[in-house]
Amino acid sequence: MRLFFVVAAALAVAGSAMAADDAANNAFRVCKMIDNTGLFTAPCQVANRRNAVVATIDLPPADARKACMQIAGVASSKGFHFPGGEWTVQIRSPTSGDKSIAFCRLPK
């Protein structure tokens with residue numbers, strides 16, 4: 001649980017204030033924000049075909065869901081929008097393989 005609060009705090013100060021309408025560019029900005037926290041166990045990836053930002057962190061599923069909502073909230077507060085399709089954040093654990101343990105929608 002303590003790690004979740006560290007993730008939330010790190011995300012709150014990470015990222016860029018620049019906003020763009022291009023969803024893919026914003027997805028890469030969210031990934032950079034995630035990677036800059038230094039808390040995730042693998043580099044963030046953008047899966048364009050699935051409209052997803054994929055991050056890996058060693059958290060229980062309940063905390064991963066909270067971290068996911070934090071990421072989406074910070075993306076929204078930074079003015080990142082994802083028009084033209086439903087974009088999601090998908091969080092995996094180091095042991096979940098290709099399966100997500102949490103996911104949430106990014107702002108349109």
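Residues numbered from 1 in each chain as written. Predicted model: local features only at pLDDT ≥ 70, side-chain atom pairs only at ≥ 80, totals over all residues. Heavy atoms only, no water.

**A look at the nonpolar core**
Note the threshold: Buried Ala, Val, Leu, Ile, Met, Phe, Trp, Tyr and Cys residues that are joined via side-chain atoms within 4.5 Å together make up what is termed a nonpolar core. Accessible area is worked out with a 1.4 Å probe on protein chains only. A residue is then buried under 20% of its type maximum, exposed over 50%, and partly exposed in between. Only DSSP runs of H or I reaching four residues or more are called helices, and only runs of E reaching two or more are called strands; each is numbered from the N terminus.
With 29 residues, the main nonpolar core has Val 30, Ile 34, Val 53, Ile 71, Phe 82, Ile 91 and Leu 106 as its most contacted residues. Listed by contribution, the elements that provide at least two residues to this core are α2 (23-37), β1 (42-47), β2 (52-56), α3 (61-77), β3 (88-92) and β4 (102-105). Among the elements that make up this core, the one with the highest residue count is α3 (seven residues).

**Things to note about the side chain of Thr 37**
Under the convention used in this document: Under this definition, polar contacts are N or O atom pairs within 3.5 Å; protein pairs additionally need one hydrogen-donor-capable and one acceptor-capable atom, and for neighbouring residues in sequence, both atoms have to be side-chain atoms.
With respect to the secondary-structure elements, Thr 37 resides in helix α2. Side-chain polar atoms of Thr 37 contact the backbone oxygen of Ile 34, separated by 2.7 Å.

**Here we look at the state of the cysteines**
Under the convention used in this document: To count as a disulfide, a pair of cysteine sulfur atoms needs to be within 2.5 Å.
Tallied over the entire structure, the rule returns two disulfides. A sulfur-sulfur separation of 2.0 Å characterises the disulfide bridge that pairs Cys 31 with Cys 44. On the sign convention where negative means left-handed, the S-S torsion of about -65° between Cys 31 and Cys 44 marks this disulfide as left-handed. Remark: Cys 44 occurs in strand β1 and Cys 31 occurs in helix α2; sequence separation between them is 13 residues. The exposure class of Cys 44 is buried, given its relative accessible area of 12%. Bridging Cys 68 to Cys 104, the disulfide has an S-S length of 2.2 Å. Here Cys 68 and Cys 104 share a disulfide; its torsion about the S-S bond, -100°, makes the bridge left-handed. Pair noted here: Cys 68 is in helix α3 and Cys 104 is in strand β4, with a separation of 36 residues, a long-range link. Each of the two residues, Cys 68 as well as Cys 104, counts as buried.

**Things to note about the pairing of β4**
Under the convention used in this document: For two strands to pair, DSSP has to find at least two bridges joining them.
Residues Ala 102 and Cys 104 line the buried face of β4, whereas the alternating positions Phe 103 and Arg 105 sit on a face that is not buried. With four bridges joining them, β3 and β4 adopt antiparallel strand pairing. Residue pairing for β4: Thr 88 is matched across the bridge by Arg 105.

**Observations regarding the pattern of salt bridges**
Heads up, the condition is: A side-chain nitrogen of Lys or Arg and a carboxyl oxygen of Asp or Glu constitute a salt bridge if their distance falls within 4 Å.
Scanning all chains against the criterion turns up two salt bridges. Notably, a salt bridge pairs Glu 86 with Arg 105, separated by 3.0 Å at the nearest N-O pair. With Glu 86 in the loop between α3 and β3 and Arg 105 in strand β4, this pair connects stretches of sequence that are 19 residues apart. Residue classification places Glu 86 among the partly exposed residues on the basis of a relative accessible area of 41%. We classify Arg 105 as exposed; its relative accessible area is 58%.

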